[in-house]
Amino acid sequence: MSPHAGQPGPGRTQEQAVRLLRERGQSVATAESLTAGLISASLAEVPGASAVLRGGVVSYAAEVKEALLGVDPELIASRGTVDPDVARAMARGARRACAADWGISATGAAGPEPHDGKPVGTVYLGIAGPAEAETVLELHLTGDRERIRTESARRALETLVEQLSRGR
């Protein structure tokens, strides 16, 4: 289910993201681990999203992060996959792999068990954009697995909208 299903009207975050990207003539790609496609699915719900959504990689496995997104294997070996620098590299990798202006990534521990030594609810969101615009957001969420995944996707889209609204 989309992180925005049932929400009213044109103010929905994914609609704002698609509108801003279209207005700027820019595109986006995703690299998703714990969200497993929720971010790209939310964007794809918006009519006209095909003009801005280039593609996405669901990279649950570390090997996929390395092979498809170009995340340094030594980084993963030393810090694990739930790490801010991994999120940054995933966002860059999505941008590169899909030839997009913006890359969004999500990696974290959705539960029910900790992951790579990080407690459940630890999430890192990465945004990589033009002109070296990069942001990594660290979240500490509560709730069950579904809530953590849904909130991660929602916050990723909000962060993209904030970056786009700043004119980056």
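Every value quoted in this text rests on a predicted model; they were computed, and no experiment measured them.

1. So, helix H1 (residues 13–24)
Given a rise of 1.5 Å per residue, 12 residues ought to cover 16 Å, and the 17 Å separating the end C-alpha atoms of H1 matches this to within 8%. Thr13, Gln14, Ala17, Val18, Leu20 and Leu21 are the residues of H1 that are buried. Buried residues along H1 cover an arc of 165° about the axis, so they all sit on one side. With its phi angle positive at about 65°, glycine 25 sits one or two positions after the end of H1.

2. Description of the pattern of salt bridges
Under the criterion given, the structure shown has 11 salt bridges. We note a salt bridge from arginine 88 to glutamate 134, for which the minimum N-O separation is 3.6 Å. On the criterion of sequence distance, the pair formed by arginine 88 in helix H5 (residues 84–97) and glutamate 134 in strand E5 (residues 134–140) is long-range, its members being 46 residues apart. Classification of arginine 88 as partly exposed rests on a relative accessible area of 26%. A salt bridge links arginine 92 to glutamate 134; the nearest nitrogen and oxygen atoms lie 2.6 Å apart. You can see arginine 92 sitting in helix H5 and its partner glutamate 134 sitting in strand E5, a full 42 residues away along the chain. The exposure class of arginine 92 is partly exposed, given its relative accessible area of 40%. When its relative accessible area of 26% is taken as the criterion, glutamate 134 is described as partly exposed. Each of the salt bridges in this network shares a partner with another, and the network as a whole consists of Arg79, Asp83, Asp85, Arg88, Arg92 and Glu134.

3. What about the pairing of strand E1 (residues 28–32)?
For E1, a buried count of five out of five residues is recorded, marking the element as mostly surrounded by other parts of the structure. When E1 meets strand E2 (residues 53–58), the two strands line up parallel, connected through five bridges. Directly across from alanine 29, in E2, lies its bridge partner glycine 55. With respect to chirality, the unit in which E1 leads through helix H2 (residues 38–44) into the neighbouring parallel E2 is right-handed. Examined bridge by bridge, E1 and strand E3 (residues 102–108) share five bridges and lie parallel to one another.

4. Overview of the sheet that holds E2
The five strands lie next to each other as E2-E1-E3-E4-E5, forming an open sheet whose pairing is mixed. In this open sheet, the two edge strands, each paired with only one partner strand, are E2 and E5. With strand direction ignored, the average angle separating the axes of adjacent strands in the sheet is 10°. Each of E1, E2 and E3 is contacted by helix H3 (residues 62–69), which is oriented at about 145° to E2, the strand it contacts most. Packed on one face of the sheet, helix H6 (residues 145–165) meets E1, E3, strand E4 (122–128) and E5 and runs near 30° to E4.

5. Re the layout of surface pockets
For the largest pocket, the calculated volume is near 200 Å³. As for the largest pocket, its lining consists of 17 residues, of which Ser33, Leu34, Tyr60, Gly108 and His115 are closest to the centre. Counting residues per element, the ones that place at least two in the lining of the largest pocket are H3 and E3. Within the lining of the largest pocket, the residues separate by chemical class into eight nonpolar, six polar and three charged.

6. Side note on the nonpolar core
Counting residues in each nonpolar core, the largest one holds 29 residues, and the members touching the most others are Leu21, Val28, Ile39, Trp102, Ile104, Val123 and Leu160. For this core, the secondary-structure elements that each account for two or more residues are H1, H2, E3, E4 and H6. If you tally residues by element for this core, the top one is H6, at seven residues. Among all residues touching valine 28, those that are not within four sequence positions of it are Leu21, Leu43, Val52, Leu53, Arg54, Gly55, Ala100, Trp102, Ile104 and Leu160. If you look at the next biggest cluster of nonpolar residues, it comprises 13 residues, including Val71, Met90, Ala94 and Ala100.

Procedures and definitions
Residues numbered from 1 in each chain as written. Predicted model: local features only at pLDDT ≥ 70, side-chain atom pairs only at ≥ 80, totals over all residues. Heavy atoms only, no water. Helix = DSSP H or I, 4+ residues; strand = E, 2+ residues; numbered from the N terminus. Expected span 1.5 Å × (residues − 1). Buried < 20%, exposed > 50% of the residue type's maximum accessible area, 1.4 Å probe, protein only. Arc of directions from axis to C-beta. Salt bridge = Lys/Arg side-chain N within 4 Å of Asp/Glu carboxyl O. Pairing = 2+ DSSP bridges. Right-handed = clockwise from strand over helix to strand, strands pointing away. Axes fitted to C-alpha atoms, helices over the stretch in contact; angles between N-to-C directions. Contact = heavy atoms within 4.5 Å. 1 Å grid on protein atoms, 1.4 Å probe; cavity = no way out; pocket = protein on both sides within 12 Å on 5 of 7 lines; lining within 4 Å. Points joined across faces, edges and corners; volume = space filled by probe spheres on them. Nonpolar A, V, L, I, M, F, W, Y, C, P; charged D, E, K, R; others polar. Core = buried A, V, L, I, M, F, W, Y, C linked by side-chain atoms within 4.5 Å.

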